[in-house]
Structures are given as structure tokens and as C-alpha cells.
Amino acid sequence: MSANLIDGKAVAAEIDARAGEVGAGLAAALGRAPCLAVVLIGDDPASDVYVRNKVRRTEAAGLTSIEIRKPADVREADVIAIVERLNQDEGVDGILVQMPLPDHINANRVISHIDPDKDVDGLTETSAGRLVLGQAGLRPCTPAGCVFLAERALGDLSGKSVVVIGRSILVGKPAALLFLEKNATVTIAHSRTADLPALCRTADILVPAVGRAEMVRGDWVKPGACVLDVGINRIDAPERGAGKSRLVGDVAFDEIVGHAGWITPVPGGIGPMTIAMLLRNTVIAAALRAKLPLPDDY
Ligand SMILES: NC(=O)c1ccc[n+]([C@@H]2O[C@H](COP(=O)([O-])OP(=O)(O)OC[C@H]3O[C@@H](n4cnc5c(N)ncnc54)[C@H](OP(=O)(O)O)[C@@H]3O)[C@@H](O)[C@H]2O)c1
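The rules behind these values
Residues numbered from 1 in each chain as written. Predicted model: local features only at pLDDT ≥ 70, side-chain atom pairs only at ≥ 80, totals over all residues. Heavy atoms only, no water. Helix = DSSP H or I, 4+ residues; strand = E, 2+ residues; numbered from the N terminus. Rg over C-alpha atoms; globule rule 2.2 N^0.38 Å. Buried < 20%, exposed > 50% of the residue type's maximum accessible area, 1.4 Å probe, protein only. Contact = heavy atoms within 4.5 Å. Areas by Shrake-Rupley, 256 points an atom, 1.4 Å probe, with all protein chains shown as cover. 1 Å grid on protein atoms, 1.4 Å probe; cavity = no way out; pocket = protein on both sides within 12 Å on 5 of 7 lines; lining within 4 Å. Points joined across faces, edges and corners; volume = space filled by probe spheres on them. Nonpolar A, V, L, I, M, F, W, Y, C, P; charged D, E, K, R; others polar. Core = buried A, V, L, I, M, F, W, Y, C linked by side-chain atoms within 4.5 Å. Domains from an automatic or database assignment. Near = heavy atom within 4 Å. Polar contact = N/O pair within 3.5 Å; in protein donor to acceptor, adjacent residues only side chain to side chain. Pairing = 2+ DSSP bridges. Axes fitted to C-alpha atoms, helices over the stretch in contact; angles between N-to-C directions. UniProt positions renumbered as here; feature names shortened; annotations may be inferred.

Quick notes on the overall build of the protein
Looking only at helices and strands, the protein features 10 helices and 11 strands. The globule rule puts the C-alpha radius of gyration for 298 residues at 19 Å, and the 19 Å found for the protein is close to it. Its C-alpha atoms put the protein at 55 × 45 × 35 Å along the principal axes. Burial status across the protein gives 49% buried among its 298 residues. Pairs at least 24 residues apart make up 68% of the contacts formed inside the protein by residues separated by at least 6 positions. Of the roughly 13,800 Å² of accessible surface on the protein, a fraction of 52% belongs to carbon and sulfur atoms.

Now the structure itself:
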């Protein structure tokens, strides 16, 4: 048996296109397209690539974006003032502050100033609270992308056994809650979990979100399981030439692809879905703020 590859890039392109369609429908009533504001502090090359991709995909879908860049030595108070200004700006529907922030800026303090109705990253305390309480709200993008792909592959997730490896605020915890919302039976594993391989073998859906290259081996995966590899790790690739590197996930893809039922590649799996969910959240935020209806299936 060989796993079906889940093409996150193709699914993300569908979601982007649909965000564009729904956004265009809202634009008629709003008098403008839904708008995402992205704040980038400093010159971290990886963050720069992420922000450029977010802006490019937003505009390609026909939504609008505002990009605000400040040098790494900007004061925390000035970043908070930018967020407050975007909160007040009626033309802005979604606010994203690209992480990580420089060490002298407290990320939690900055996030806490984002208007929860514009919190398209789903990171504020209010958004987290709404998720825990089962209330409607903007959900964190990477975990939402995982659930979307799992449903696309498996259909109804009710009763499925899910093991999420990782308990971060950004990925692991919200992923567990989102799968729970879908009536899956969820276990969260972390660095202190006993016999992780045995636990992973119980999973119908395995979601490694650790950040350790190829940690999950072939014999950790139940035959037929769906593996959603969130990890992004850069490793040396001397086979590509001196000094070259490549991206791998948290799973040993070649060992697992032979007997998993479904697997997401890295790159091209969960990564593109994160931006797709950001666009979707921007459209949802625009509709909710303007009290405009969204299509029933959105
Ligand atoms: N595809 C995307 O769009 C996307 C988005 C976000 C993140 N990511 C990637 O996803 C990965 C995780 O990101 P994150 O922000 O959640 O990372 P994080 O905050 O560093 O959390 C990592 C989690 O992994 C757990 N862990 C570490 N070593 C472990 C081990 N040996 N066995 C079991 N669990 C272990 C940690 O457990 P403890 O809590 O016990 O320390 C922690 O909960 C990274 O590779 C990141 O680049 C991808």
C-alpha cells in the first residue's frame, strides 16, 4: 500500500480562489475589497519571505493588503500604537503581526492589543477563549488548515483517534481543540510523553507539530493512518551540492509513505494551507464586522 499524497498547495489554491469569490461578493456591499494589514518588524529573512507570500497571495485573490514595516529597534509602544491605529481603521478587516518579534518586544502584549474581531491569526486571548468555549470566532490558521485537509481526505472526523504531537499555543493546543470540535477523540503528546511511538500507533490521524527533522519514524504510524506533517525543518543536503540545504517535516517521509493512508508533503502540505486560512479569515472578519451574510457553505 502506498499513501495518497495530500496536495496542500492545490487545496490552498482552491481556498484562495473561493476567498476571492466571496470577498468580491462582499466588496459590492462594503464598497471595497476585504483588507488584510500585515506588520513586519525587523529584517529576519524567513519572516520577510512569509510576509511577501501573504501579501502576494492576498492580492492574487483580489483582496487588498497593507504592509507596514519597521526596523528591528522600534519601541514596543510604537508597535502597539500601529496595532491600535489599524484597530481604528474602518478600511482594515484583518491584522497580522508577523512573529517572531525582536527580543525587546513582548509578543503577548502586542497581540493583546489586536481587536479580536480583526484577529485573523486567531492568537488573542479572546479568540483562544472563543475556541475553548466553542463559540464562533477566528481560528488559528495552521491548525485550521490541518482540520480542513483531514476532512478533505477522510470526510467526517467524528470518532477518529487523533494524536497531536506538540502543545504550543500557535499549533498544538488549538489543533487539538479544533479536532475535538469535529468530535474526534484527541490526545496531545509533548516532550514528556511516555512511549510516544506506541501512542502514535493508536492514531487514525497523526499531527506532528514539533520542529524536529524526521523524528516520527515509519513504525510509529498505523497502517492506513492520515499523517499531517506540520513541522518545517531545514537540513543540510550535500547531495544537492556543497552548502545546500532542503526542507523536511517532522516525519521520515520515505519510511511512512509506504504504509500511511494519507500524508502531507513538506514543502507543499500544511504550509500553503496556513496562508489560505488567513485569506479565509480575512473574508470572514470583513463579513462579521460589516454584519454581512456569508454563503452557508463558507
Ligand atoms: N506549516 C506551517 O505553516 C507552520 C506553522 C507554524 C509552525 N510550523 C512548524 O511546526 C513546528 C512546531 O511549531 P511550534 O510553533 O508549535 O513549535 P514550539 O512552540 O517549539 O512547540 C514544539 C512542541 O513540540 C514538543 N516537543 C519537542 N520535542 C519533543 C519530543 N522529542 N517529543 C515530543 N514532543 C516534543 C514540545 O513539547 P514541550 O511543550 O514539552 O516542550 C512543544 O510542545 C515547527 O517546525 C514550525 O516551524 C509550521
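So, unusual backbone geometry
A cis amide bond, omega 0°, links Met 99 with the succeeding residue Pro 100. With respect to the element layout, Pro 100 can be found in the loop between β4 (94-97) and α4 (107-112). Residue Pro 267 follows Val 266 across a cis peptide bond; omega there is 0°. With respect to the element layout, Pro 267 can be found in the loop between β11 (262-263) and α10 (270-289). With a phi close to 65°, Asn 183 is a non-glycine residue in the positive phi region. Tracing the backbone through its elements, the reader meets Asn 183 in the loop between α7 (172-181) and β6 (185-189).

Overview of empty space enclosed by the protein
As enumerated under the stated definition, the model contains one cavity of 30 Å³ or more in all. The computed volume of the largest cavity comes to approximately 30 Å³. If you trace the largest cavity, you find it lined by Val 97, Met 99, Ile 111, Ile 114, Asp 119, Asp 121 and Leu 123. Its residues assigned to classes, the lining of the largest cavity shows five nonpolar, no polar and two charged.

Topic: the nonpolar core
Membership of the largest hydrophobic core comes to 53 residues, with the highest contact counts inside it found for Phe 179, Ile 205, Val 207 and Leu 228. Broken down by element, the residue count for this core peaks at 12 residues, all from α10. Looking at this core, you find at least three residues from each of domain 1 (25-120 + 275-288) and domain 2 (141-272).

Observations concerning the site of the ligand
Neighbouring the ligand are 21 residues; Arg 167, Ser 168, Ser 191, Ile 232 and Thr 274 lie closest to it. Ser 168 is positioned with one of its side-chain polar atoms (N or O) 2.5 Å from an oxygen atom of the ligand. Separating an oxygen atom of the ligand from a side-chain N or O atom of Ser 191 is a distance of 2.5 Å. When the ligand is considered free in solution it has 920 Å² of accessible area, and contact with the protein chains removes 69% of it. For the shell around the ligand, the element with the most residues is α10, which contributes three residues. Of the residues that constitute the shell around the ligand, the class distribution is 10 nonpolar, nine polar and two charged.

Regarding the sheet that holds β4
The sheet built from three strands is open, its strands ordered β3-β2-β4 with parallel pairing. Looking at which strands have only one partner, the edges of the open sheet turn out to be β3 (64-70) and β4. For this sheet, the mean angle separating the axes of adjacent strands, direction not counted, is 15°. In this sheet, β3 lies alongside strand β2 (residues 35-41) in parallel orientation, the contact comprising seven bridges. In the sheet register, Leu 36 faces β3, and the bridge partner there is Ser 65. Against the sheet, helix α2 (residues 45-60) contacts β2, β3 and β4, and its axis sits at roughly 160° relative to β3.

Brief notes about the UniProt feature "domain: Tetrahydrofolate dehydrogenase/cyclohydrolase catalytic" (unreviewed entry) in the protein
The UniProt feature table records "domain: Tetrahydrofolate dehydrogenase/cyclohydrolase catalytic" (unreviewed entry) at residues 6-121. Strand forms 16% of residues 6-121 and helix 50%; the C-alpha atoms that close the span are 24 Å apart.

Quick word on the layout of surface pockets
Here the largest pocket defines a volume of roughly 1,200 Å³. In terms of lining residues, the largest pocket is bounded by 42 residues, among which Tyr 50, Thr 142, Ile 232, Gly 271 and Thr 274 are the most central. For the lining of the largest pocket, the secondary-structure elements that each account for two or more residues are α1 (8-30), α2, β4, α6 (141-154) and α10. Here the lining of the largest pocket gathers at least three residues from each of two domains, domain 1 (25-120 + 275-288) and domain 2 (141-272). The space that makes up the second largest pocket amounts to roughly 550 Å³. What lines the second largest pocket is a set of 23 residues, among which Gly 137, Arg 139, Arg 280, Asn 281 and Ile 284 lie closest to the centre. Mapped by element, the contributors of at least two residues to the lining of the second largest pocket are α6, α7 and α10. With seven residues, the top contributor of residues to the lining of the second largest pocket is α10.

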